[in-house]
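Coordinate inspection notes
Given next are the chains, with one letter for each unit.
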Amino acid sequence: MADTAALRSRNAAFWAGAAAGWIRHADRQDEVGRPLGAAAMDRLTARPAERILDVGCGCGGTTAEIAAAVGETGAAIGVDIAEAMVNAARQRYPGIRFHSADIETLDAVPGAPFDAVFSRMTLMLLADPVAGCTTIRRSLRPGGRLAATVFRDSGVNPWLSAAMLGAAPRLGPLPPLPVGDEPGPFSFADPARITRILTAAGFTAITITPCDVALETTDDADAVAEWLIEVGPAGAAYRTALPTAQASARAGAVRLLDRFREPGAGYRLPAGLWLVTANAAGTPTHHEPREDKSQ
């Protein structure tokens, strides 16, 4: 397993390369991907005049939803590691504040303290999740609340790998896939690990609840395949491939995604999530430990 510095560098490079696909499909991500964060958004119960941070804001759709809830008397601020996505968010939502930063390296997010933090499918992608979650806790007022979603295991998210496996043989080299607890879609599959991380980061009242949702989209096999390829680990290789290789990659993904398709109705992609909630304890004065990755 790579050390934290190497994982952090790999993360930054991956998201810099992946950003173009997320920007291109931002509207689809907002609409079709909304169920991935809906449970956390509902549990967040954003109220007028609150200050709320969106960690892993991407192209800004979830931040805009929070901004509508807190109103003009409140504030919604988005933060993401991908500078290109943050720039896209600023263009899409010019009245909202966005920051491009790696939260693992911040003492607190600009604009802190916040009343609450929302995060859709991001905590599992942190190179050092204790460091990142500690920054989140420091960015909250004492007693402030966290509501987040992450994927459970691969068995309840079978479509996630389908597009990549179908496309990969037709494309060039892909980024290394995560090993063990390295950042990736299933690194938070174990709820005991989530509890350890959040406890080490200074959170209390931790709850982890299973949540099953489905992403529903149109019956356009080529477009669905391209979307899932472009926002996944094969996205950068796909965008630099020749048109013939791109068409072959889409065809490979279409074949593996076919079991999630109802002809004439569209695709239904089942997703198994954890809804994670917690409260920020008061700021401790002792050294906050990193997660031990040596075992």
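Above this text is the structure in question.
Everything numeric here is computed off the predicted structure, so don't read it as measured data.

1. Digging into the overall build of the protein
If you tally the helices and strands in the protein, you get 11 helices and eight strands. Referenced to the eigenvectors of the C-alpha coordinate spread, the extents of the protein come out at roughly 55 × 45 × 30 Å. Taking all 295 residues of the protein together, the buried fraction comes to 50%. Of note, the protein has its 28 positive side-chain charges centred 1 Å away from the centre of its 32 negative side-chain charges.

2. Re the pairing of strand S4 (residues 114-120)
Judged by how many residues are buried, S4 sits mostly within the fold: seven of seven residues are covered. In this structure, strand S1 (residues 51-55) lies alongside S4, joined through four bridges in parallel fashion. Residue pairing for S4: Ile52 is matched across the bridge by Ala116. Each parallel crossover has a hand, and for S4 linked through helix H6 (residues 129-139) to strand S5 (residues 140-151) it is right-handed.

3. Looking at the pattern of salt bridges
Any two side chains of opposite charge can pair, given that their charged atoms come close. Inspection of every chain in the model, using the stated rule, returns 20 salt bridges. The salt bridge partner of Arg141 is Asp115, with a shortest N-O separation of 2.9 Å. Taken as a pair, Arg141 in strand S5 and Asp115 in strand S4 lie far apart in primary sequence, 26 residues in all. A relative accessible area of 18% places Asp115 in the buried class. In this structure, Arg152 engages Asp212 in a salt bridge whose closest nitrogen and oxygen atoms are separated by 3.2 Å. Pair noted here: Arg152 is in the loop between S5 and helix H7 (159-167) and Asp212 is in strand S6 (residues 203-217), with a separation of 60 residues, a long-range link. A relative accessible area of 11% means that Arg152 is categorised as buried.

4. Focus: unusual backbone geometry
Cis geometry marks the peptide bond from Ala112 to Pro113; its omega dihedral reads 5°. Turning to its location among the elements, Pro113 is positioned in the loop between strand S3 (97-100) and S4. Residue Thr45 is not a glycine yet carries a positive backbone phi of 45°. Residue classification places Thr45 among the partly exposed positions, given a relative accessible area of 41%. Positive phi, close to 55°, is recorded for Met121, a residue that is not glycine. By the secondary structure assignment, Met121 is in the loop between S4 and H6.

5. Let's talk about the packing of helix H1 (residues 4-24) against helix H5 (residues 83-92)
Put simply, H1 and H5 touch, their axes get as near as 7 Å, and they point 30° apart. Our classification of the angle between H1 and H5 gives roughly parallel. Between H1, through Trp15, Ala19, Trp22 and Ile23, and H5, the contact on the second element is made entirely by Ala84, Met85 and Ala88. In the contact of H1 with H5, the residues fall into seven nonpolar, no polar and no charged.

6. Topic: the side chain of Glu230
Its place among the elements puts Glu230 in helix H9 (residues 221-230). Engagement of the side chain of Glu230 in a polar contact is seen with the side chain of Arg239, the distance being 2.9 Å.

7. Some words on the nonpolar core
In terms of nonpolar packing, the biggest core is built from 81 residues, with Ile136, Phe203 and Leu257 touching the most fellow members. Among the elements that make up this core, the one with the highest residue count is strand S8 (residues 266-280) (nine residues). Setting aside its immediate chain neighbours within four residues, Ile136 contacts Val55, Ile103, Val117, Leu123, Leu146 and Phe203. With six residues, the next largest nonpolar core counts Cys57, Ala64, Ala89 and Phe98 among its residues.

8. Focus: the side chain of Gln246
Tracing the sequence through the fold places Gln246 in helix H11 (residues 243-257). Taking the relative accessible area as the measure of exposure, Gln246 reaches 18% and is therefore buried. With near-sequence residues (within four places) excluded, Gln246 lies in contact with Tyr238, Arg239 and Ala241.

Thresholds, definitions, all that
- Residues numbered from 1 in each chain as written.
- Predicted model: local features only at pLDDT ≥ 70, side-chain atom pairs only at ≥ 80, totals over all residues.
- Heavy atoms only, no water.
- Helix = DSSP H or I, 4+ residues; strand = E, 2+ residues; numbered from the N terminus.
- Buried < 20%, exposed > 50% of the residue type's maximum accessible area, 1.4 Å probe, protein only.
- Lys, Arg positive; Asp, Glu negative; His and termini not counted.
- Charge placed at Lys NZ, Arg CZ, Asp CG, Glu CD.
- Pairing = 2+ DSSP bridges.
- Right-handed = clockwise from strand over helix to strand, strands pointing away.
- Salt bridge = Lys/Arg side-chain N within 4 Å of Asp/Glu carboxyl O.
- Axes fitted to C-alpha atoms, helices over the stretch in contact; angles between N-to-C directions.
- Parallel < 35°, antiparallel > 145°, perpendicular 65-115°, else oblique.
- Contact = heavy atoms within 4.5 Å.
- Nonpolar A, V, L, I, M, F, W, Y, C, P; charged D, E, K, R; others polar.
- Polar contact = N/O pair within 3.5 Å; in protein donor to acceptor, adjacent residues only side chain to side chain.
- Core = buried A, V, L, I, M, F, W, Y, C linked by side-chain atoms within 4.5 Å.

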